[in-house]
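Descriptive structure summary
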Amino acid sequence: MPPVVTSTASELRKLCDGIRLRGGRVAFVPTMGALHAGHLALVEAAKKRATLVVVSIFVNPTQFAPGEDFARYPRTLDTDLQRLAGSGDVCVFVPTVGEMYPPGDQTRVRVGALAEPLCGPFRPGHFEGVATVVCKLFTLVGPCEAVFGRKDYQQLLVIRRMATDLLMPVTVVDHPTVREADGLAMSSRNTYLSPDERARALSLVQGLDAAARRFAGGERRARELERAAREPVERAGARIEYVELRDADTLADIPENAGDRAVLAIACRMGTTRLIDNVVLGQDPPPLPTMHSRGIPAAKWP
Ligand code: PAF
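Everything in this summary refers to the structure shown in the same document. On a predicted model such as this, the values are computed, not experimentally measured, just so you know. Within any chain, residue numbers begin from 1 and follow the written order of that chain's sequence. Two thresholds apply to this predicted model, a pLDDT of at least 70 for residue-level local features and 80 or more for giving and counting side-chain atom pairs, whereas whole-chain, interface and lining totals are computed over all residues. Side-chain measures were taken over the full set of non-hydrogen atoms in the model, leaving aside hydrogen atoms and water.

Some details on the environment of alanine 71
We count it as follows: The numbering of helices and of strands both runs from the N terminus, where a helix is a DSSP run of H or I of at least 4 residues and a strand a run of E of at least 2. Type-normalised accessible area, obtained with a 1.4 Å probe on protein chains alone, sets the label of each residue: buried when under 20%, exposed when over 50%, and partly exposed for intermediate values.
For alanine 71, the location among the structural elements is in the loop between strand 3 (52-57) and helix 3 (77-84). Judged by its relative accessible area of 74%, alanine 71 is exposed. Sequence separation of alanine 71 and alanine 146 is 75 residues, and the distance between their C-alpha atoms is 27 Å.

Considerations on the packing of helix 5 (residues 126-141) against helix 6 (residues 153-165)
When two helices pack together, their arrangement is given by the angle between the helix axes and by the axis-to-axis distance. How we decide: With axes taken as lines fitted to C-alpha atoms, and helix axes fitted only over the stretch in contact, angles between N-to-C directions fall between 0 and 180 degrees. For classification purposes, angles smaller than 35 degrees are called roughly parallel, those larger than 145 roughly antiparallel, those between 65 and 115 roughly perpendicular, and all remaining angles oblique. By definition, turning the near helix anticlockwise from the far helix through less than a right angle yields a left-handed crossing, and turning it clockwise yields a right-handed one. Contact between two residues is taken to exist if any of their heavy atoms lie within 4.5 Å; hydrogens are not considered.
Packing of helix 5 against helix 6 leaves a shortest axis separation of 10 Å and a crossing angle of 50 degrees. With respect to helix 6, the axis of helix 5 lies oblique. Considering only the axes of helix 5 and helix 6, their crossing is right-handed. Touching Phe127, Val130, Ala131, Val134, Cys135 and Phe138 of helix 5 are Gln154, Gln155, Val158, Ile159, Met162 and Ala163, all from helix 6.

Considering the environment of aspartate 105
By the secondary structure assignment, aspartate 105 is in the loop between helix 4 (97-100) and helix 5. Its relative accessible area of 28% is what places aspartate 105 among the partly exposed residues. For aspartate 105 and alanine 267, which are 162 residues apart along the polypeptide, the C-alpha to C-alpha distance reads 32 Å.

Remarks on the site of the ligand
Just so we agree on the cut-off: Throughout, the term near means that a residue has one or more heavy atoms lying within 4 Å of the molecule or strand in question. Throughout this description, a polar contact denotes any pair of N or O atoms lying within 3.5 Å of each other; where both atoms belong to protein, one of them has to be capable of donating a hydrogen while the other can accept it, and for residues adjacent in sequence the pair is counted only when both atoms sit in side chains. The method behind every accessible area is Shrake-Rupley, applied with a 1.4 Å probe, and residues are considered shielded solely by the protein chains displayed. Each residue is assigned to one class: nonpolar for Ala, Val, Leu, Ile, Met, Phe, Trp, Tyr, Cys and Pro, charged for Asp, Glu, Lys and Arg, and polar for all the others, Gly among them.
Looking at the ligand, the residues that line it are Pro30, Thr31, Met32, Asn60, Gln63, Val130, Val133, Val134, Asp152 and Gln155. Glutamine 63 has a polar side-chain atom sitting 2.6 Å from an oxygen atom of the ligand. Here the ligand, which alone exposes 290 Å², has 88% of that area covered by the protein. Looking at the shell around the ligand, the elements that each hand over two or more residues are strand 2 (26-31) and helix 5. Looking at the shell around the ligand residue by residue, the classes come out as five nonpolar, four polar and one charged.

In structure tokens, the structure reads:
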């Protein structure tokens, strides 16, 4: 069954209101399209929570800084709709830029401290753009559960904070990062990678895995955990933007030792492609299947 597709704000609002009037529940998965198995896992998770799942597909111009990949971001609407077909009770919202940013548009959501570290300095204005578009989308969809992947960990925290601060009737649900069979975190930007870069991109998850295994073995020194994660990425010749251990809820700096839960986040450039990944130590298991992680059986994690 092909999904229902709409491109106007008023139609989407009417559809979602109608579902709720009939006693149904709406779940929401915002995307920029180029859908992969990671997005489809979010849609499956959303279906378990609702009568209707709204999937938005919108490459949001305000979250790209000048010189970033807005123009070349993969736009694959036909394939995306095929991937969502047959999944039943899905509405796909595909607005134009003019629909989301009406003529004269000048309002933005100002984000706070959560947007400052990690990607903040490397992508000026990014989180303001994300929060602004997600705020608009939440307003259209109305009361719902919205599902976000943990791969964009900082985005997840910024959006959850915004929903709380702006008293939005939205519950932000997070979903574990979906990985390729060899461990690479799924991302629409992986399609930019050459075969050689694709192979070297594995160093991110290898670094996170090494650090997660050190943590599982009792290591708590923040700089040691960062060093374990950084080493493989450096060896792979990536241009590192950051490898940082931070408080998993506030993203505050961890000057010395990690507590029971901390996020270890990496961003780097592999060639011209920007890649990010993370692991929440104390919550996520080491991200590589044991056979990929230097052959150490799980029972013998260091
Ligand atoms: O994660 C994304 O794909 C985007 O940042 C989002 C949340 C759809 C906003 O444009």
